[in-house]
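Here is what each chain is made of, one letter per residue.
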Amino acid sequence: MRPHLLKFSGICSYPGDVTINFDNLNAKGLYLIVGDTGAGKTTILDAMTYALYGEVAQERENAIASTHPHSKPPVIEFEFSKGDLRYVVHREPAHQGKNQLPSKQWIEVYNSEGIQIDKKTNARTVTDICKEKVGLSGDEF
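Participant: For this particular structure, what's the right way to read the packing of helix 2 (residues 41–53) against helix 3 (residues 123–134)?
Facilitator: A pair of packed helices is characterised by two quantities: the angle between their axes and the separation of those axes. The contact between helix 2 and helix 3 brings their axes to 7 Å, and the two run at 115 degrees. With respect to helix 3, the element helix 2 is oriented roughly perpendicular. Residue-level inspection shows Ala51, Leu52 and Tyr53 of helix 2 in contact with helix 3, the latter providing Val126, Thr127, Cys130, Lys131 and Val134. Of the residues contributing to the contact of helix 2 with helix 3, the split by class is 6 nonpolar, 1 polar and 1 charged.

Rendered as structure tokens:
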């Protein structure tokens, strides 16, 4: 599994929009996440984990939505490839608030020409596909 793009908003310490283009970081596919304590390094990993598995690591609270007063609704989109196929996982965790929004999720599959060849919307199906393609469970990831 090779990460390509991670986009999220309204999660943990990031109340606004964040985009990380892994393709622009290092052509060799090696990444080092550094920063001061509390800078949001773990949130980046939590966003990837939530996108793939619909939950964060067991030892952390499963509430991923930002508690900042003016944060956007939580949305995570993670694009990765495995072999010749590219996957885009989209999850919108249930958002607590005045008008609680239900959880939404899907995974889209694209061939090497960038043509969408499949899309699944069931939460369990999305998670199962990610487990299969990554080769790890959420705890192992």
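Participant: Sorry, what's going on with the packing of aromatic side chains here?
Facilitator: Within a pair of aromatic rings, the relevant descriptors are the distance that separates the centres and the angle that separates the planes. Summed over the entire model, instances satisfying the criterion amount to 4 aromatic pairs. Taking the centre distance of 5.4 Å and the plane angle of 75 degrees together, the rings of Phe8 and Tyr14 count as edge-to-face. Pairwise contacts between aromatic rings join Phe78, Phe80 and Tyr87 into one cluster.

Participant: When you look at helix 3 in this model, what are you seeing that I'm missing?
Facilitator: Residues three or four positions apart in an α-helix share a direction because the helix packs 3.6 residues into each turn. Counted at 1.5 Å a residue, the expected span for helix 3 with its 12 residues is 16 Å, and the 16 Å between its end C-alpha atoms agrees. Residues of helix 3 that are buried include every one of Val126, Thr127, Ile129, Cys130 and Val134, and no others. Each buried residue of helix 3 lies within a common arc of 160 degrees when the element is viewed along its axis, so the set occupies one face. Turned more than 90 degrees away from the buried face of helix 3, the exposed residues are Arg124 and Glu132. Packed against the buried residues of helix 3 are helix 2, strand 4 (85–92), strand 5 (104–110) and strand 6 (116–120).

Participant: Is there a simple way to explain the environment of Ala47 in this structure?
Facilitator: Relative to the assigned elements, Ala47 resides in helix 2. Judged by relative accessible area, which is 0%, Ala47 ranks as buried. In the structure, Ala47 is positioned 29 residues away from Ile76 in sequence and 6.6 Å away in space, judged by C-alpha atoms. With residues up to four places along the chain from it excluded, the contact list for Ala47 reads Leu6, Phe8, Ile11, Ile64 and Ile76.

Participant: What is the right way to look at the pairing of strand 1 (residues 2–11) in this model?
Facilitator: Counting buried residues in strand 1 gives 7 out of 10 residues, a clear majority hidden from the surface. Relative to strand 3 (residues 75–82), strand 1 runs antiparallel, the two being bridged by 7 bridges. Bridge pairing in strand 3 links Pro3 to Phe80. For strand 1 and strand 2 (residues 14–21), the ladder comprises 6 bridges, and the chain directions are antiparallel. Bridged to Lys7 within strand 2 is Thr19. Adjacent in sequence and paired antiparallel, strand 1 and strand 2 are bridged by 2 residues, among which Cys12 carries a positive phi angle near 40 degrees.

Rules and cut-offs
- Residues numbered from 1 in each chain as written.
- Predicted model: local features only at pLDDT ≥ 70, side-chain atom pairs only at ≥ 80, totals over all residues.
- Heavy atoms only, no water.
- Axes fitted to C-alpha atoms, helices over the stretch in contact; angles between N-to-C directions.
- Helix = DSSP H or I, 4+ residues; strand = E, 2+ residues; numbered from the N terminus.
- Parallel < 35°, antiparallel > 145°, perpendicular 65-115°, else oblique.
- Contact = heavy atoms within 4.5 Å.
- Nonpolar A, V, L, I, M, F, W, Y, C, P; charged D, E, K, R; others polar.
- Phe/Tyr/Trp six-rings, centres within 6.5 Å; stacked < 30°, edge-to-face > 60°.
- Expected span 1.5 Å × (residues − 1).
- Buried < 20%, exposed > 50% of the residue type's maximum accessible area, 1.4 Å probe, protein only.
- Arc of directions from axis to C-beta.
- Pairing = 2+ DSSP bridges.

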